[in-house]
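Reading the structure
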Amino acid sequence: MPNRPSTAALALPPAAADGLQLASAAAEPGLPGHYDEWRGSTDPDDPPTERWQAFFRSLGPRGWADLAARAVRVQHRVREDGATYNVYAEQGEDGSRTWPLELLPLILDADEWAVIEHGVLQRARLLEATLNDLYSTQTLLRDALLPASLVFAHPDYLRAAHGLVPVGGTHLHIAAFDLARAPSGGFSLLAQRVQAPSGLGYLLENRLIIAPQFHDQFAELRVQRLASTFRSLLDGLLRASPAGERSRIVLLTPGPRNETYFEQVFLARYLGLALVEGSDLTVRANKLYLKTLHGLERVHVVLRRVDDEWLDPLELRADSALGVPGLLQALRAGEVVMANAPGAGFLESPGLSAFWPGVAERLLDEDLLLPASTSWWCGEAAVWARQRPRLADFVVAPTFPDGGFGPFNAGELSRAELEALARRIDADPAAYTLQAPVLPSETPVWVDGHLQPRAAVMRVFALADGTGGWTVLPGAMTRVAGRSEGAVDPGLSMQRGSSTVDTWVVARGAVDAMSLLPKPLSAEELQGWHRSVTSRAAENLFWLGRYTERAENAVRLARLTLESVQESSPPVLRLLDELARWHGLVAPQVPSAKLSPRLFERALVHGLGADPTKAQGVAGNLRSLRDCAQSLRERLSPEHWKLIHEVGSHFEQHLSDALKAGAGTAATPDVMGVLGRAATHLAAITGAQTDRMTRDDGWRLLSVGRQIERLDMLSHALALGFEYGVHEADDGFALLLGLFDSVITYRAQFQARREVLPLLHLLVYDTDNPRSLAWVARTMRDRLRKLARHDTAWASAVTADLPAPDTWSLAELDQRDEKGRHATLVAALRGCSASARKLSDEIGRHLFAHVESPDRTVWQ
């Protein structure tokens, strides 16, 4: 790419200069041949456009001087919102990076936008008409207006969707078009996205962050607002739904590991929709339901971000865990509206680009208003033979989504690489499409006091209104090159480091004043108000509680083991050995603690964070805790999430440092310090769960999960302790108190007494001790009954068999059989552990899977 001219001669003294003069002095020339959005032409000597002049005159010299501070505020707001983009190519714990948003908007005037709007509306009508034809009469294939070999070979042409007539007759509700301004000033189409288009949430995030930074300029330029177009989309979905205005609309997400998960959360909140995953939904009798804690609730409309092949494991990909079995049959039955209907993905193929003018003439009897970038599908033998000698002149793109590569500029390849590419195309020409290189326009980006021109590509959205018409959202999710020099990624992919800008469209008439903010709630509506909890969120909260407790138990056990394994009595060593293996702290093949205490200790240290795939142990439980929290980001405070995120990463880092310092064998005091910091972190997490979360049904499930884990672990440990006679040794007595985290409480109440009855009173019977079995069982029973207050029969049934240690007789528990064993106590404790595990299974079946009650529907 050519170098940019020097800007040294443009510098103006800041004194007495207005905002426009300062901006003009800081504006760097664009690359030759590119349309410059700053100047409105390709001529570097032209003045700024009227819209940019108005913007910077309004901003003034003080506003110009404040741009650096505003840029900082923008980045702070992005981080505060938790806006991220998951980049699969990058290495990191969660694969995400902060959403890249530049300060200055791209500004389009009303006449320019009218050209885009008319062209996009026509393209949306064309795509809808094409789907109607190809999934019914297929006249376009019969008359060779589209190549059947390309359409049928495309994995996103779904044979299962043939003959499927969507409710309301509309396949597409959202269509996205990537546009670039050509050097001539006109706009051309680079790509279209109609399967599950992304960007609407990020577009909103950009607008809500940037507009307040330039409040006066936004108002003075009369920038059109977005809310009415989103309202039109929701109204259109409701019109298409058989249930009309009573319809429940959900947004189906692939989950928190998806690259655009943040915007899915953001969009669901803005539109007031429930964000669901496939596991939240179930199909019963061709109807779609949302699984909630209180039963099944009917779903009428699905706004999806899951790609076609994953939607239904019964008819599409059998290994899909993202979809809903039976979903396609529910669509055929007309019981659910899906935006967009499955089967549109093949329209995104660049190989079809050259065929669209003929299709438009046939289906619409119109010439295309919005030209596309020139392309040639190599699947036509004559086309490939003609273009093969000119291969270096093109951008090479995959015809099909599973091509194994992204678009790249063939001109950047060496001669040998170019010849190898030609041979690959010879072997499978249909898989390749050649595109003429595009010179996208450049928009000014504020960088350290300069306005740098950056290549820009706009994603414009057309939204169906439910009456057969379309509305174009007055704005765009505009991507800009992440660098000002060098080769530009042909598609300005976010995966390859591009950033974004807000896009302002100047209104031709009045600025729309509609808002999607909800109307104020009345006192009557607030009566009995409660937050709905999906079964998936409930299950994640349940396991968040369990993993928190499980991690605390593992850390406590590891500390107690390292403190005493070298100098403990045989019964204590036996108990520590079995508990350590039960918690996954040491591998099964490690020699017993009694046989080789030192080897056992070293194995425990190395096992604390050794295998990243291991589900048990300290590190494994901390990772599982973080994974659960990742799926619950919208329910956790930033501080709570930060604690959970940091406890695992800090533990692994500190343990690694300790191991490196000891040349692979960390000193016990160093490891104890690492475990101590993890224990402090987990105590803070427990505090956040106890005192910083709303005590709704989701929180009650979290608490029940903790109590199940605590009851299972403590009753199991106490049963083993008495079975092995640990309580009869001084170190064993202290160990049992340590496992219950009740050393200080015991000393405060019973001083130095080493007696069984006081021990059992504190650990089993004392309802004021949150670590006692009686307190745990009672708390679990009470919270479960309140949680299941809408299903009292089930609540009574599952709690009837729960143990009630506060009703046990201490005298009977202390009795020994003829062999001197506490058989009654051990049996009761094992019953506690079994009851906890049984309750966990019952909760999973009834509240999460809904497998035993097909008629538990609470809303039709």
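Residues numbered from 1 in each chain as written. Predicted model: local features only at pLDDT ≥ 70, side-chain atom pairs only at ≥ 80, totals over all residues. Heavy atoms only, no water.

Thoughts on the overall build of the protein chain
Along the backbone of the protein chain there are 29 helices and 23 strands. Principal axes of the C-alpha set define a box for the protein chain whose edges measure 100 × 65 × 65 Å. Of the contacts formed within the protein chain by residues at least 6 apart in sequence, a portion of 70% connects residues at least 24 apart. Accessible surface for the protein chain amounts to roughly 35500 Å². Of this, 52% is attributable to carbon and sulfur atoms. (Helix = DSSP H or I, 4+ residues; strand = E, 2+ residues; numbered from the N terminus. Contact = heavy atoms within 4.5 Å. Areas by Shrake-Rupley, 256 points an atom, 1.4 Å probe, with all protein chains shown as cover.)

What about the side chain of Thr229?
Relative to the elements of secondary structure, Thr229 occurs in helix H9 (residues 227–240). Residue classification places Thr229 among the buried residues on the basis of a relative accessible area of 4%. (Buried < 20%, exposed > 50% of the residue type's maximum accessible area, 1.4 Å probe, protein only.)

As for the sheet that holds strand E16 (residues 432–435)
Strand order in the open sheet made by the 4 strands is E13-E16-E14-E15, with antiparallel pairing throughout. Pairing within the sheet leaves two strands with one partner each, and these edge strands are strand E13 (375–377) and strand E15 (408–409). (Pairing = 2+ DSSP bridges.)

Let's talk about the sheet that holds strand E11 (residues 301–304)
Within a sheet, neighbouring strands are paired by backbone hydrogen bonds and run either parallel or antiparallel to one another. The strand order across the open sheet formed by 4 strands is E7-E6-E11-E12, and the pairing between neighbours is parallel. Since the sheet does not close on itself, it has two edges, and those belong to strand E7 (274–276) and strand E12 (337–339), each with one partner. Taken pair by pair, the neighbouring strands of this sheet meet at an average axis angle of 25 degrees, ignoring direction. Two strands pair when backbone bridges link them, and strand E6 (residues 249–252) and E7 are joined in this way by 3 bridges, in the parallel orientation. Counted as the bridge partner of Val250 is Ala274 from E7. Sitting on the sheet, helix H10 (residues 261–271) is in contact with E6, E7 and E11, with an inclination near 150 degrees to E7. (Axes fitted to C-alpha atoms, helices over the stretch in contact; angles between N-to-C directions.)

A word on helix H22 (residues 697–723)
Taking 1.5 Å per residue as the helical rise, H22 with its 27 residues ought to reach 39 Å, and the 38 Å between its terminal C-alpha atoms agrees with that figure. Here H22 lies mainly inside the structure; 26 of its 27 residues are buried. Here H22 starts with a cap whose side-chain oxygen sits 3.2 Å from the backbone nitrogen of Gly698, and that cap is Asp696. Phi turns positive, to about 75 degrees, at Gly725, one or two residues after H22. (Expected span 1.5 Å × (residues − 1). Polar contact = N/O pair within 3.5 Å; in protein donor to acceptor, adjacent residues only side chain to side chain.)

Structural notes on the packing of aromatic side chains
For the structure on display, the rule yields 27 aromatic pairs. Where Phe152 meets Tyr157, the ring centres are 5.5 Å apart and the plane angle is 70 degrees; that geometry is what we call edge-to-face. Through a chain of ring-to-ring contacts, three or more aromatic side chains come together here, namely Trp38, Trp52, Phe55, Phe56, Trp64, Phe214, Phe218 and Trp504. Positioned over the ring face of Tyr724 is Arg574, at 3.8 Å from the centre of the ring. (Phe/Tyr/Trp six-rings, centres within 6.5 Å; stacked < 30°, edge-to-face > 60°. Lys NZ or Arg CZ within 6 Å of the ring centre and 35° of its normal.)

A closer look at the packing of helix H19 (residues 617–630) against helix H20 (residues 638–661)
The geometry of H19 relative to H20 is characterised by a closest axis approach of 9 Å and an angle of 155 degrees between their N-to-C directions. Taken together, the axes of H19 and H20 are roughly antiparallel relative to one another. You can see that H19 and H20 cross each other, and the crossing is left-handed. Listed contacts from H20 to Val618, Ala619, Leu622, Arg623, Leu625, Arg626, Ala629 and Gln630 of H19 are Trp641, Ile644, His645, Val647, Gly648, Phe651 and Glu652. Of the residues that constitute the contact of H19 with H20, the class distribution is 9 nonpolar, 3 polar and 3 charged. (Parallel < 35°, antiparallel > 145°, perpendicular 65-115°, else oblique. Left-handed = near helix turned anticlockwise from the far one by under 90°. Nonpolar A, V, L, I, M, F, W, Y, C, P; charged D, E, K, R; others polar.)

Section: empty space enclosed by the protein
Scanning the entire structure with this criterion turns up 6 cavities of 30 Å³ or more. Taken together, 16 residues make up the lining of the largest cavity; nearest its centre are Ile174, Pro197, Leu303, Arg304 and Arg305. Mapped onto the lining of the largest cavity, the elements with two or more residues apiece are helix H7 (200–213), H10 and E11. As a volume, the second largest cavity reaches approximately 60 Å³. Surrounding the second largest cavity, Leu164, Pro166, Val167, Thr170, His173, Leu331, Val336, Val337, Met338, Ala341 and Pro342 form its lining. (1 Å grid on protein atoms, 1.4 Å probe; cavity = no way out; pocket = protein on both sides within 12 Å on 5 of 7 lines; lining within 4 Å. Points joined across faces, edges and corners; volume = space filled by probe spheres on them.)

Description of the pattern of salt bridges
A full pass over the atoms with the stated rule returns 50 salt bridges. Salt-bridge contacts for Asp235 lead to Arg231; the nearest nitrogen and oxygen are separated by 3.2 Å. Here Asp235 and its partner Arg231 are both found in helix H9, 4 residues apart, which amounts to about one turn of the helix. Its relative accessible area of 26% is what places Asp235 among the partly exposed residues. (Salt bridge = Lys/Arg side-chain N within 4 Å of Asp/Glu carboxyl O.)

Considerations on the packing of helix H1 (residues 19–26) against helix H2 (residues 50–65)
In contact at an axis separation of 6 Å, H1 and H2 are set at 100 degrees when each is read in the N-to-C sense. Looking at the two axes, H1 sits roughly perpendicular to H2. Residues Gly19, Leu20, Leu22, Ala23 and Ala26 of H1 touch H2, and the partners they reach there are Trp52, Gln53, Phe56, Arg57, Gly60, Pro61 and Trp64. Residues that form the contact of H1 with H2 fall into these classes: 8 nonpolar, 3 polar and 1 charged.

Looking at unusual backbone geometry
In this structure, Asn340 follows Ala339 across a cis peptide bond, with omega equal to 0 degrees. With respect to the secondary-structure elements, Asn340 resides in the loop between E12 and helix H12 (356–363). The backbone phi angle of Ala285 is positive, close to 55 degrees, even though this residue is not glycine. Assignment of secondary structure puts Ala285 in the loop between strand E8 (281–284) and strand E9 (287–292). With a relative accessible area of 70%, Ala285 lands in the exposed category.

Topic: the confidence of the model for the protein chain
Summing up the model confidence of the protein chain, the mean pLDDT is 88 and the portion of residues at 70 or higher is 92%. Long-range and interchain partners of residues 1–16, a stretch whose pLDDT sits below 50, account for 25 contacts in this model, where long-range means more than four residues apart. Counted against residues more than four places away or in other chains, residues 89–93, with its pLDDT under 50, gives 5 contacts. (pLDDT = per-residue confidence, 0-100.)

A word on the nonpolar core
Core analysis: the biggest nonpolar cluster contains 104 residues, and Leu544, Leu608, Phe651 and Ile843 have the highest contact counts within it. Within the second largest apolar cluster, 67 residues are counted, among which are Leu22, Trp52, Phe55 and Ile210. (Core = buried A, V, L, I, M, F, W, Y, C linked by side-chain atoms within 4.5 Å.)

Looking at helix H17 (residues 570–582)
With 13 residues, H17 should cover 18 Å at 1.5 Å per step; its first-to-last C-alpha distance of 18 Å lies within 8% of that length. Taken together, the buried positions of H17 are occupied by Val572, Leu573, Leu575, Leu576, Asp577, Leu579 and Ala580. Packing partners of the buried residues in H17 comprise helix H16 (535–564), helix H18 (597–607), H22 and helix H23 (730–739). Of the residues one or two after H17, Gly584 is the one with positive phi, at around 75 degrees.

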